[in-house]
Amino acid sequence: MEEGFDAITVKQIAEEANIGRKTFYLHYLDKYDLLDKIIDEHLARLREICDQKQEKGLVEGTVIWFRYFEQHKPLFAALFSIHSTRSFQDKLLIFMMIEVEKKLHAQNVEQQIIVKFLATAVMGVLESYILEEFNADVDSVATRVGELMKMHL
């Protein structure tokens with residue numbers, strides 16, 4: 001997060017982690033593999049949150065979900081800022097589409113378009129919030145997103 005992913009080297013990562021480069025390469029192919037593993041860990045946590053919030057209403061569940069991003073804001077800001085890879089954004093969009101599809105049970109092209117539209121919209125708002133393009137607190141943004149989702153589902 002300090003150097004920026006595009007500029008950081010495996011040598012710098014190993015030094016910061018107080019491990020040798022050989023140890024790094026025992027666990028990861030390269031820095032992109034490490035990034036993928038970090039992304040996958042957070043998507044797994046988001047999956048748990050989605051499963052836990054099933055009993056909540058859409059708006060309240062959206063607030064819980066946005067709070068997770070708020071808690072890890074520096075990491076997600078760095079992930080949204082990475083220019084050399086779209087891995088995080090691609091995985092997050094697919095994750096969001098799956099979650100929206102579960103609520104909509106998309107069975108035709110029109111519903112699939114709505115799924116893509118809503119997931120892309122939520123991701124855009126989330127990215128703008130994380131990158132501090134909005135002057136609003138997490139609950140206000142999340143509540144409004146939840147209300148908008150509810151209108152379209």
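Residues numbered from 1 in each chain as written. Predicted model: local features only at pLDDT ≥ 70, side-chain atom pairs only at ≥ 80, totals over all residues. Heavy atoms only, no water.

**Things to note about empty space enclosed by the protein**
Move 1: Within the structure shown, the criterion is met by one cavity of 30 Å³ or more.
Move 2: Considered as a void within the structure, the largest cavity measures approximately 200 Å³ in volume.
Move 3: Along its surface, the largest cavity is lined by 13 residues, and Lys53, Trp65, Glu99, Val100 and Met149 are the ones closest to its centre. (1 Å grid on protein atoms, 1.4 Å probe; cavity = no way out; pocket = protein on both sides within 12 Å on 5 of 7 lines; lining within 4 Å. Points joined across faces, edges and corners; volume = space filled by probe spheres on them.)

**Details of the side chain of glutamine 89**
Move 1: Residue position: glutamine 89 is located in helix α6 (residues 87-104).
Move 2: Here phenylalanine 80 takes part through its backbone oxygen, which lies 3.4 Å from a polar atom of the side chain of glutamine 89.
Move 3: Not counting the four nearest positions on each side in its chain, glutamine 89 is found in contact with Leu79, Phe80, Ile82 and Met123. (Helix = DSSP H or I, 4+ residues; strand = E, 2+ residues; numbered from the N terminus. Polar contact = N/O pair within 3.5 Å; in protein donor to acceptor, adjacent residues only side chain to side chain. Contact = heavy atoms within 4.5 Å.)

**Some remarks on the pattern of salt bridges**
Move 1: This model, assessed by the stated rule, comprises 11 salt bridges.
Move 2: The partner of aspartate 36 in a salt bridge is lysine 91, with the nearest N and O atoms 4.0 Å apart. Here aspartate 36 is found in helix α3 (residues 31-52), whereas its partner lysine 91 is found in helix α6, with 55 residues between them in sequence.
Move 3: We classify lysine 91 as partly exposed; its relative accessible area is 26%. (Salt bridge = Lys/Arg side-chain N within 4 Å of Asp/Glu carboxyl O. Buried < 20%, exposed > 50% of the residue type's maximum accessible area, 1.4 Å probe, protein only.)

**Brief notes about the nonpolar core**
The nonpolar side chains of a soluble globular protein tend to be buried with one another.
Move 1: Of all hydrophobic cores here, the largest spans 40 residues; its most connected members are Leu46, Trp65 and Leu92.
Move 2: Looking at this core, the elements with two or more residues in it are α3, α4 (58-71), α5 (73-81), α6, α7 (109-130) and α8 (138-152).
Move 3: Broken down by element, this core gets its largest block of residues, eight residues, from α7.
Move 4: Excluding its chain neighbours within four sequence positions, the residues that come into contact with tryptophan 65 are Leu46, Ile49, Cys50, Lys53, Phe95, Met96, Val122 and Leu126. (Core = buried A, V, L, I, M, F, W, Y, C linked by side-chain atoms within 4.5 Å.)

**Some remarks on a negative patch on the surface**
Move 1: Taken together, the side chains of Glu2, Glu3, Glu15 and Glu16 present a region of like negative charge at the surface.
Move 2: Mapped onto the fold, glutamate 3 is located in the segment before α1 (10-17).
Move 3: Residue classification places glutamate 3 among the partly exposed residues on the basis of a relative accessible area of 49%. (Patch = residues over 30% accessible without salt bridge, like charges linked within 9 Å, V, L, I, M, F, W, Y side chains within 5 Å. Areas by Shrake-Rupley, 256 points an atom, 1.4 Å probe, with all protein chains shown as cover. Lys, Arg positive; Asp, Glu negative; His and termini not counted. Charge placed at Lys NZ, Arg CZ, Asp CG, Glu CD.)

None of this, on its own, says anything about what the molecule does.
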